[in-house]
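Each chain, written out:
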Amino acid sequence: MKIIQIAGRSNSGKTTFIRKLIPELKKIGPVGVIKHLGDHEYHLEPGKDTTLFHEAGADITTGIDAKKTVSVIQGTDLDAVLHFYADRGTHFAVIEGYKQRSFAKIVIGNLEIDRCVISNPTIDEVIKSLNLFDDFK
């Protein structure tokens, strides 16, 4: 599984770039995206069964409706999530944020950062440069 990490300052266009990158990567193989929420806590809907199960301590809580599956996992271990993606057959894990991690990065905007392999690329440039990104093992 290739790790494609996207870094940049707030409002630099990271999410917009990722939204354009996903369909192109999907032409090659399955894609997963991990968003580092930083200091923005994700709120589960109060009182719902899946929230109650999570609050009761279930390691993984999953809800399935007619169109999607949503899971909440206890803990915040990025490597555990990457292993989960790899075990599911994901070919590309796109990570938005986690700037402190040492994966090869795409930088959007004018951020100086370690392991930047491409800065402000087009989607085609990323697809042609997939060999520059780390393999998750």
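Please refer to the structure placed before this passage.
The structure presented is a predicted model; accordingly, all values stated were derived computationally and were not measured. (Residues numbered from 1 in each chain as written. Predicted model: local features only at pLDDT ≥ 70, side-chain atom pairs only at ≥ 80, totals over all residues. Heavy atoms only, no water.)

**Q** Summarise the overall build of the chain; cite the residues concerned and give the values.
**A** Within the chain, the secondary structure is distributed over 4 helices and 7 strands. N-terminal to C-terminal, the α/β element order of the chain is β-α-β-α-β-β-α-β-β-β-α. In the chain, which comprises 137 residues, the share counted as buried stands at 34%. The contacts of the chain with a sequence gap of at least 6 include a subset with a gap of at least 24, amounting to 62%. Accessible area for the chain stands at about 8900 Å²; split by element, carbon and sulfur atoms hold 50% of it. Positive and negative charge centroids in the chain, built from 18 and 18 side chains respectively, lie 7 Å apart. (Helix = DSSP H or I, 4+ residues; strand = E, 2+ residues; numbered from the N terminus. Buried < 20%, exposed > 50% of the residue type's maximum accessible area, 1.4 Å probe, protein only. Contact = heavy atoms within 4.5 Å. Areas by Shrake-Rupley, 256 points an atom, 1.4 Å probe, with all protein chains shown as cover. Lys, Arg positive; Asp, Glu negative; His and termini not counted. Charge placed at Lys NZ, Arg CZ, Asp CG, Glu CD.)

**Q** Describe unusual backbone geometry, listing the residues and the values that go with them.
**A** In this structure, Tyr98 is a non-glycine residue whose phi angle is positive, near 55 degrees. Inspection of the secondary structure assignment puts Tyr98 in the loop between β5 (92-96) and β6 (105-108). In this structure, Asn120 takes a positive phi of about 50 degrees despite not being glycine. Its place among the elements puts Asn120 in the loop between β7 (116-119) and α4 (123-128).

**Q** Requested: an account of the packing of aromatic side chains, with residues and values cited.
**A** Overall, the coordinates contain 1 aromatic pair when judged by the stated rule. Residues Phe84 and Tyr85 carry aromatic rings whose centres are separated by 6.3 Å and whose planes lie at 55 degrees to one another, so their mutual orientation is tilted. What makes Phe84 partly exposed here is its relative accessible area of 43%. (Phe/Tyr/Trp six-rings, centres within 6.5 Å; stacked < 30°, edge-to-face > 60°.)

**Q** Pulling in residues and values, what's your account of the pairing of strand β1 (residues 2-8)?
**A** Taken across its 7 residues, β1 has 7 buried, putting it largely inside the fold. Alternating residues of β1 divide into Lys2, Ile4, Ile6 and Gly8 and Ile3, Gln5 and Ala7, and every residue in both groups is buried. Bridging between β1 and β5 involves 5 bridges; their strand directions are parallel. Of the residues in β5, the one forming a bridge with Ile4 is Val94. Both β1 and β6 contribute to a ladder of 4 bridges, which runs parallel. Counted as the bridge partner of Gly8 is Ile108 from β6. (Pairing = 2+ DSSP bridges.)

**Q** Requested: an account of the side chain of Thr90, with residues and values cited.
**A** Following the sequence through the fold, Thr90 ends up in the loop between α3 (78-87) and β5. Here Tyr85 takes part through its backbone oxygen, which lies 3.0 Å from a polar atom of the side chain of Thr90. Setting aside residues no more than four positions away along its own chain, Thr90 makes contact with Met1, Pro30, Val31, Gly32 and Tyr85. (Polar contact = N/O pair within 3.5 Å; in protein donor to acceptor, adjacent residues only side chain to side chain.)

**Q** Account for the pattern of salt bridges, naming residues and giving values.
**A** For the coordinates displayed, the defined rule picks out 6 salt bridges. A salt bridge links Asp135 to Lys2; the nearest nitrogen and oxygen atoms lie 3.2 Å apart. Of the two residues, Asp135 sits in the segment after α4 while Lys2 sits in strand β1, which places them 133 residues apart along the sequence. Assessed through its relative accessible area of 44%, Asp135 is described here as partly exposed. Judged by relative accessible area, which is 17%, Lys2 ranks as buried. Ionic pairing is found between Arg115 and Asp134, a salt bridge with its closest N-O pair at 3.1 Å. In this pair, Arg115 is assigned in the loop between β6 and β7 and Asp134 in the segment after α4, connecting sequence segments 19 residues apart. Residue classification places Arg115 among the partly exposed residues on the basis of a relative accessible area of 38%. (Salt bridge = Lys/Arg side-chain N within 4 Å of Asp/Glu carboxyl O.)

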